[in-house]
Amino acid sequence: MEKTLLANPGTTASCPARARKWSNSQPADLAHMGQSRDDPTGIEAFAMPVSALPRTGSDPVLLKAPAPLGTVANSLRASDGQLQAKAPAKPPRTPSFELPDASERPPMYCELVPRVSCVQGTSLSQSCPEPEAPWWEAEEDEEEENRCFTRPQAEISFCPPDTPSCLLGPQNRPLEPQVLHTLRGLFLEHHPGSTALHLLLVDCQATGLLGVTRDQRDNMGVSSGLELLTLPHGCRLRLELLERHETLALAGALAVLGCSGPLEERAAALRGLVELALALRPGAAGDLPGLAAVMGALLMPQVRGEQGVEEAGVRVTGKTGEEACAGLFSQVSRLEHTWRQLRRSHTEAALAFEQELKPLMRALDEGAGPCDPGEVALPHVAPMVRLLEGEEVAGPLDESCERLLRTLHGARHMARDAPKFRKVAAQRLRGFRPNPELREALTTGFLRRLLWGSRGAGAPRAERFEKFQRVLGVLSQRLEPDS
């Protein structure tokens, strides 16, 4: 239009502009309803740059007279996009940490927090339909990977918002038998490797390793939840991951203690958990939080009691599998008949549990286990999370100090290697298409409603876990009463 005006300066003056009907569909037009375009009072009252006049559709902007070049250049706007000559000032990069207004809790790592709003994180899979390439296979921008820490804007939660469940109704009671039966069939349909990938996908989303949006990165000031876990304003994420770990462990214990049928059925449930743990270990799926939750279920007092007396390097040369396992299981105080049936019917799984999984879990809890990106897709975060939330390290003073230093050193390397973990996790999940029902069954929100019901899910965390521990104790006694 500018070129037309400059080439024919007399065109507009010689040809009277025809009257134009103004659309009253825009809110800005309501104040001038009924005024003619030729009304001088209306024009004077509505004096503003031509480009600011409301337009409808593809109607051209009519000019009464050619405007000077400088005026046109100053009021020119590209596609009504509000291009400004001066960019807005950048926010200060100096973090302003302030003490909370009031807090009766004892001092802990997250006492100094930025005064920020609380934002519910929404993954790409929840906010819009999945594109052709799933969100966990999306390529990460190099600029995002190399970004530096910026001032956090909000506390972030990576738990997806409550959505209608395909397995639970709007209101459900705790441990509904029909739902438990459906879940049992669902897990039996998938082999341990497939279940491990489902768990890795959900754990990566809950930790903020995959599926993090640009807005979430801007709000938390870093590019990954693994980095956020080590920062003061990551308190909410740390508490969510602790609850997820404990909830998964309780659900795994329920898978065994809920089997009221024959002894072989419980032994098969134990074997399924052992095989799932093997599929989650480093070198396989590499989901260490999932591995820790499954091992927590197997080592729970209501399921196993004491953890045995043999060390990690026990040798079984010259003995049959059952004879080798006999010493390992001699100190089991709960479900002794079930564990004995496991070593009779599934000797390979029993040996793998004692000789591989237990020593591996002990090393991970002490900060000495494998944690290199490549064999591990998602590192073991529970020890670091508990430490930063004020939990004391157990054991003698010298050993606890060494364990404390190893945990903090591992947390620093974990945050530094977050982009490498992201690439490894995306590579493990490339081409994977999850089952929607199984994926939902492994989320924290679903498990919370399954174990405590829609009403009890909102109760305080400590109260919920204490009550369910008592429920598991009752189930354990019913299966194998103390002699």
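Residues numbered from 1 in each chain as written. Predicted model: local features only at pLDDT ≥ 70, side-chain atom pairs only at ≥ 80, totals over all residues. Heavy atoms only, no water.

Engineer: Go over the nonpolar core, please, and point to the residues and values.
Structural biologist: When a protein is soluble and globular, its nonpolar side chains tend to lie buried together. Counting 97 residues, the largest nonpolar core has Leu226, Leu291, Met295, Leu298, Trp339 and Phe446 as the members making the most contacts within it. Looking at which element gives the most residues to this core, the answer is helix α11 (residues 235-257), with 11 residues. Aside from chain neighbours lying at most four places away, what touches Met295 is Ala277, Phe353, Leu357, Lys358 and Met361. (Core = buried A, V, L, I, M, F, W, Y, C linked by side-chain atoms within 4.5 Å. Buried < 20%, exposed > 50% of the residue type's maximum accessible area, 1.4 Å probe, protein only. Helix = DSSP H or I, 4+ residues; strand = E, 2+ residues; numbered from the N terminus. Contact = heavy atoms within 4.5 Å.)

Engineer: Could you give an account of the packing of aromatic side chains, with specific residues and numbers?
Structural biologist: The full count for this structure, using the stated rule, is three aromatic pairs. When the centroid spacing of 5.8 Å and the interplanar angle of 65° are considered together, the rings of Trp452 and Phe468 count as edge-to-face. Here Phe468 lies in helix α22 (residues 461-479) and Trp452 lies in helix α21 (residues 444-456), a separation of 16 residues in the sequence. Summarising the burial analysis for this pair, Trp452 and Phe468 share the class buried. Put simply, the rings of Trp452, Phe465 and Phe468 touch in pairs and so form one group of aromatic residues. Over the ring of Trp339 we find Arg304; its NZ or CZ atom is 4.8 Å from the centre of that ring. Note that Arg464 overlies the ring of Trp452, its terminal NZ or CZ placed 4.8 Å from the centroid. (Phe/Tyr/Trp six-rings, centres within 6.5 Å; stacked < 30°, edge-to-face > 60°. Lys NZ or Arg CZ within 6 Å of the ring centre and 35° of its normal.)

Engineer: Help me get a handle on the pattern of salt bridges, residues and values and all.
Structural biologist: Applying the stated rule across the entire model yields 18 salt bridges. Among the salt bridges present, the one from Arg281 reaches Glu356, with a minimum N-O distance of 2.9 Å. Here the residue Arg281 occupies a position in the loop between α12 (263-280) and α13 (288-298), and Glu356 occupies one in helix α16 (residues 347-365), the gap between them amounting to 75 residues. Since its relative accessible area comes to 34%, Glu356 is described here as partly exposed. Where salt bridges share partners, they join Glu243, Arg448 and Arg464 into one cluster. (Salt bridge = Lys/Arg side-chain N within 4 Å of Asp/Glu carboxyl O.)

Engineer: Help me get a handle on unusual backbone geometry, residues and values and all.
Structural biologist: The residue Leu175 is not glycine, and still its phi comes out positive at about 50°. Within the secondary structure, Leu175 sits in the loop between β4 (154-157) and α7 (177-189). Take Leu175: its relative accessible area is 23%, and that puts it in the partly exposed class. You will see that Leu335, though not glycine, has its phi angle at about 50°, which is positive.

Function-wise, these values are silent; they only describe arrangement.
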